[in-house]
Each structure stands twice: as C-alpha cells, then as structure tokens.
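Chains, contacts and geometry: an overview
One-letter residues, chain by chain:
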Amino acid sequence: MAITSYPFDNQSVTETQFSQMFREFQESGVVASFGGSGFTVTAGTGMNLNVSSGLAFLRGHMVQSTATEVVTIPAAGTSVRVDRVILRLDPSLNSIVLAVKQGTAGSTTPAALTQTDTGIYELPLAQVTVNASVTSIASGDITRTRPFVGTRILVWNTLTRPASPRLGQIGYNADTSTFEFWNDTAWTPLISNVSWTNLSGKPATFPPSTHTHKWAEITDAPTSLPPAAHTHDWTQVTGKPTSFPPSSHEHDWTQLNNVPTSFPPSSHSHAWSTITSKPSTFPPSSHSHSSYLESGDTIAWANGTKRVHADSVSGSGTYYAVWVQGDGTFARNTSSRRFKQNIRDIDIDPEAVLSLRPRIYDRRPKEEGGEYLRDEFGLIAEEVAETLPEIVTYDEEGRIDALRYDLLGVALLSVVQDQADRIERLEEQLRELSR
C-alpha cells in the first residue's frame with residue numbers, strides 16, 4: 001500500500017514514524033533561550049571537558065541530562081586539529097549519547113558531522129582546537145556551536161543554521177539580530193534593508209540642533225588661539241614693574257629748561273655727495289685710506305678688503321664673504337633662500353670634477369717689465385670650461401676670465417656623495433658574502 005497514516009488506535013507505530021512526525025513539530029537543537037546553559041561545553045582538567053545538564057531534540061527524539069558530564073579529548077598529535085563535542089543519535093542502539101568526534105591532523109577544518117534522515121544524526125555542541133603536543137585544553141580553545149530551539153521558531157547563529165533547510169524555513173539569527181528565511185539558494189533577511197536612496201519624502205538638508213563637541217572631535221582646530229582685544233584691572237596683572245622708565249618720546253624746544261645757547265659739533269662724518277663747495281681735483285700728498293668705505297663705494301684692487309689687516313673678524317658681529325664686481329664694487333656673498341628664486345636640482349658628473357687638472361704656473365706682472373709671481377698653483381679657467389663650465393666666469397667682452405673657486409667645494413659634493421654610495425654598495429656586498 002503506497003499511503004500510510006499514523007498514529008491511530010490499535011495501530012502499531014514505529015520509532016521511525018514517531019521520529020518523522022515529531023521532527024515536523026520541532027527542529028533539532030538545545031531546548032533553551034539562545035546562549036542558555038543547556039549542554040554548555042567548558043574546560044576541565046587536562047584533556048577533560050565538562051558538559052552541563054540540558055534538554056535537546058535530535059531529529060524528533062529527545063535527550064535529557066540532569067548532571068554535568070565529562071568527556072575526554074583524545075591525546076594531541078604533532079600538528080593542530082579541530083575536534084567536535086556532539087550529541088549522537090543512533091536509532092540502532094536506541095540511544096542519544098555525548099561523544100567526541102576527532103578532526104583531521106594538520107587541518108583547521110572541524111570534523112565533519114553525520115546527519116542522516118533515518119540513521120545516525122549528530123548535533124554539534126562545540127568545536128575544540130587541539131594544538132600540537134598540548135596536554136590540556138584551555139577555555140580559549142573552545143568554540144560553542146549549539147543550535148537552539150525557540151518556542152515556535154528555531155534560533156541559531158550563522159555557524160549553526162540548519163544543514164538541509166527547506167524553502168521558506170524561517171529562523172532568528174542571533175549573530176545579526178534578524179529574522180531570515182531560506183529562499184532555496186541562500187539565507188535572506190525576512191525584512192529587506194531600506195537604503196536612504198529608496199526613501200521618498202525625505203528632507204534635503206538637516207539643520208543641526210543645539211549641541212556641543214569635545215575639542216578632540218574638532219578637525220582643523222588651531223594649535224594656538226591669540227587672545228582677543230581685552231582689558232585687565234591693574235590689580236589683576238602679576239609681575240608688573242615698580243617703576244617705568246620713559247619710553248621714546250619728543251619735546252618741543254620751548255618746553256626744555258636750561259638748554260645751552262650754542263653747540264660745538266661732535267665727531268661725525270658726511271657723505272662726499274652732501275659736501276658743498278668741494279674742490280674738483282686733489283693734488284696727491286702722503287696719505288692713507290680709511291679702514292671703512294661708504295656703502296656702494298668701490299676700491300681699485302681686486303684682492304683688497306674693507307677691513308685693515310689688524311682688525312679681526314672674531315666676536316658676535318655678522319660677517320660675509322665678498323665678491324668684487326667688474327667695476328670694483330664690493331658685494332656680499334649671500335646664500336639665504338630669500339635672495340634666490342627658481343631653485344632646482346643640478347646633476348654634476350663626479351667624473352667631470354675628478355678630471356680637473358691642478359697646475360703650477362707663473363703669473364704675469366701687472367705692469368710691463370714687472371716681476372712675475374713664481375710657482376703659483378691653481379686651475380686654468382679654459383681647461384675647467386671643458387668639463388665644469390658652471391664655475392667659470394667671463395668678462396664684459398665675453399672672454400673666459402676667472403673661476404668661482406668658492407663653488408668648487410659645492411661641485412665636490414657630487415664626488416663625495418658618489419663615493420659614499422659606492423662604499424655603501426661595497427659594504428652591502430661584503431655583508432652578503434660574509435653570510
């Protein structure tokens with residue numbers, strides 16, 4: 001007969017038939033609120049684990065434990081594995097028992113569950129990570145995986161959803177705090193998310209209500225706040241002086257008492273341009289030049305100085321190297337960024353610097369028949385222009401004239417940097433060879 005119905009009076013109903021009927025009333029899981037203590041697995045002593053009392057459904061069959069039970073994890077191997085603590089329904093033995101299902105050595109995937117429709121059915125209670133060569137299980141090695149049954153709707157988390165759900169099956173996911181159903185392909189929220197773009201009648205702007213912010217929450221806040229214009233009572237000022245020397249000020253001559261009637265001139269000087277009725281020529285006499293020249297004045301010798309030989313440059317004053325322009329005007333050799341523009345990098349070939357040839361020579365005299373300056377050494381500007389033209393200068397007629405010896409040290413930086421780079425590479429090679 002193809003149609004069977006049960007249970008009825010005076011009818012023999014099998015265990016399998018009752019199991020099929022009861023599983024339609026309730027899914028398999030622990031009978032408790034989600035996260036309750038039923039069949040909780042905790043660490044014990046050594047490789048032993050404690051499983052608390054509880055009540056559970058397994059495929060239409062019920063199991064109840066009224067005391068804490070102890071299960072033992074098999075000895076650890078030389079590599080990690082993940083075991084399971086389970087409730088195992090075995091209809092052939094008419095029993096539901098606690099058991100440990102050992103995982104595969106060297107794998108972090110937990111042991112697979114057996115969940116048949118009429119034979120053995122295993123309900124997971126916890127996953128246990130058994131690390132290599134351990135002799136005890138810690139609380140951190142245990143991950144609880146119990147599914148729970150609600151009063152009418154199954155409660156689970158993402159890890160313990162039903163393995164073989166039916167189309168339309170509904171449950172509450174405690175991980176996401178949402179009701180979800182099986183759409184025959186995936187678990188889907190029962191109520192779809194509403195995005196802002198799908199809302200109609202929403203306001204375009206939201207004026208902020210009265211509120212406050214902590215200073216740490218404010219972005220682009222200034223690092224300091226200059227005080228606004230304000231005043232203080234004199235009594236509030238601390239560290240104030242007891243007397244006040246007069247600041248710089250003026251008085252009308254008529255307000256001064258005991259003023260002299262005449263004033264002998266003090267030691268002073270005048271610029272030549274301010275002197276009137278001065279002679280147009282001066283016959284030379286035995287004389288000397290002042291140690292200092294007015295700003296913008298020129299001097300006739302190229303290697304001179306504005307300071308006499310006995311006037312040292314020690315002390316707290318500001319001193320400069322000087323250039324002499326073609327017309328004899330002295331100029332400060334300044335280096336600050338504020339005197340420069342269009343600043344950019346320059347690549348100087350170290351080989352060009354190294355190719356410079358120091359020479360020894362006799363310098364021609366200033367006047368015909370004068371004495372030569374013997375055995376002077378230096379560089380020849382025409383030779384330098386062939387490899388390092390950046391430090392060569394020219395006269396008003398465009399002829400090579402002199403060298404900027406002060407820039408030679410700057411050019412030598414490229415040689416030093418190149419040699420430093422080579423030394424670093426050689427040291428690295430030596431380190432590699434010594435390993």
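Here the structure is a predicted model, which is why all the values come from computation and not from measurement.

1. A look at the overall build of the protein
- For the protein, the count of helices and strands is four helices and 21 strands.
- The buried share of the protein, reckoned over its 435 residues, is 23%.
- Long-range contacts, defined as pairs at least 24 residues apart, comprise 46% of the intrachain contacts of the protein with a sequence gap of at least 6.
- Total accessible area computed for the protein in this model is approximately 33,100 Å², and 53% of it derives from carbon and sulfur atoms.

2. Some thoughts on the confidence of the model for the protein
- Of all residues in the protein, 89% attain a pLDDT of 70 or more, and the chain-wide mean is 84.
- Counting contacts from residues 286-310, a segment whose pLDDT is below 50, to residues more than four positions away or on other chains yields 23 contacts.

3. Examining empty space enclosed by the protein
- A complete count under the given rule lists one cavity of 30 Å³ or more for this structure.
- Reported here for the largest cavity is a volume of approximately 50 Å³.
- Around the largest cavity sit Glu15, Thr16, Ser19, Arg23, Arg59, His61, Pro91, Asp117 and Thr118, which together line it.
- Considering every element that reaches the lining of the largest cavity, the biggest residue donor is helix H1 (residues 15-25), with four residues.
- Here the residues of the lining of the largest cavity sort into one nonpolar, four polar and four charged.

4. Notes on the layout of surface pockets
- In this structure, the second largest pocket occupies an estimated 890 Å³ of space.
- Along the walls of the second largest pocket sit 31 residues, with Glu27, Tyr121, Pro162, Ala163 and Ser164 positioned nearest its centre.
- When contributions to the lining of the second largest pocket are tallied by element, the ones reaching two or more residues are H1 and strand S9 (121-130).
- Element by element, the count of residues in the lining of the second largest pocket is highest for S9, at four residues.
- A class-by-class count of the residues in the lining of the second largest pocket yields 13 nonpolar, nine polar and nine charged.

5. Some words on a nonpolar patch on the surface
- Together, Ile153, Ile170, Phe179, Leu190 and Ile191 give the surface a local cluster of nonpolar side chains, amounting to about 450 Å² of exposed area.
- Secondary-structure assignment places Phe179 in strand S14 (residues 178-182).
- Overall, Phe179 belongs to the partly exposed group, its relative accessible area being 39%.

6. A few points about the pairing of strand S13 (residues 170-173)
- Burial along S13 is one-sided: the face carrying Gly171 and Asn173 is buried and the face carrying Ile170 and Tyr172 is not.
- Inspection of the sheet shows S13 paired to S14 by four bridges, in the antiparallel sense. By the bridge assignment, Ile170 is partnered in S14 with Phe181.
- Between S13 and S14, which pair antiparallel one after the other, the connecting turn spans four residues, and Ser177 there sits at a positive phi close to 55 degrees.

7. Here we look at the pattern of salt bridges
- This model, assessed by the stated rule, comprises 15 salt bridges.
- We note a salt bridge from Glu180 to Arg161, for which the minimum N-O separation is 2.8 Å. Residue Glu180 is located in strand S14, and its partner Arg161 is located in the loop between strand S12 (154-156) and S13; the two are separated by 19 residues in the primary sequence.
- Residue Glu397 pairs with Arg399 through a salt bridge whose shortest N-O separation is 3.6 Å.
- Judged by its relative accessible area of 63%, Glu397 is exposed.
- The network of salt bridges with common partners includes Arg88, Lys101 and Glu122.

Conventions and cut-offs
- Numbering of residues starts from 1 in every chain and runs along the sequence as written.
- Local features in this predicted model are restricted to residues whose pLDDT is 70 or higher, and side-chain atom pairs enter the listing and the counts only when it is 80 or higher, whereas totals over whole chains, interfaces and linings include all residues.
- Note that the side-chain values use all heavy atoms of the structure and ignore hydrogens as well as water.
- Helix and strand labels come from DSSP, where a helix needs a run of H or I of at least four residues and a strand needs a run of E of at least two; each type is numbered from the N terminus.
- Exposure categories follow from relative accessible area, calculated using a 1.4 Å probe and restricted to protein chains: below 20% of the type maximum is buried, above 50% is exposed, and the middle band is partly exposed.
- Contact between two residues is taken to exist if any of their heavy atoms lie within 4.5 Å; hydrogens are not considered.
- To be clear on the numbers: accessible area is Shrake-Rupley with a 1.4 Å probe, and residue cover counts the displayed protein chains and nothing else.
- A residue's pLDDT is the predictor's confidence in that residue, given on a scale from 0 to 100.
- Points on a 1 Å grid over protein atoms alone make up a cavity when a 1.4 Å probe fits among them but cannot get out, and a pocket when they form an open set with protein on both sides within 12 Å along at least five of seven lines; lining residues each have an atom within 4 Å of a point.
- Grid points are joined across faces, edges and corners, and a volume is the space filled by probe spheres set on the points.
- Lys, Arg, Asp and Glu make up the charged group, whereas Ala, Val, Leu, Ile, Met, Phe, Trp, Tyr, Cys and Pro make up the nonpolar group; the residues left over, Gly among them, are polar.
- Patches were defined on residues exceeding 30% relative accessible area and lacking a salt bridge, with like-charge contacts within 9 Å and nonpolar side-chain contacts (Val, Leu, Ile, Met, Phe, Trp, Tyr) within 5 Å.
- Whenever Lys or Arg places a side-chain nitrogen within 4 Å of a carboxyl oxygen from Asp or Glu, that contact is recorded as a salt bridge.
- In this scheme, strands are said to pair when DSSP sees at least two bridges between them.

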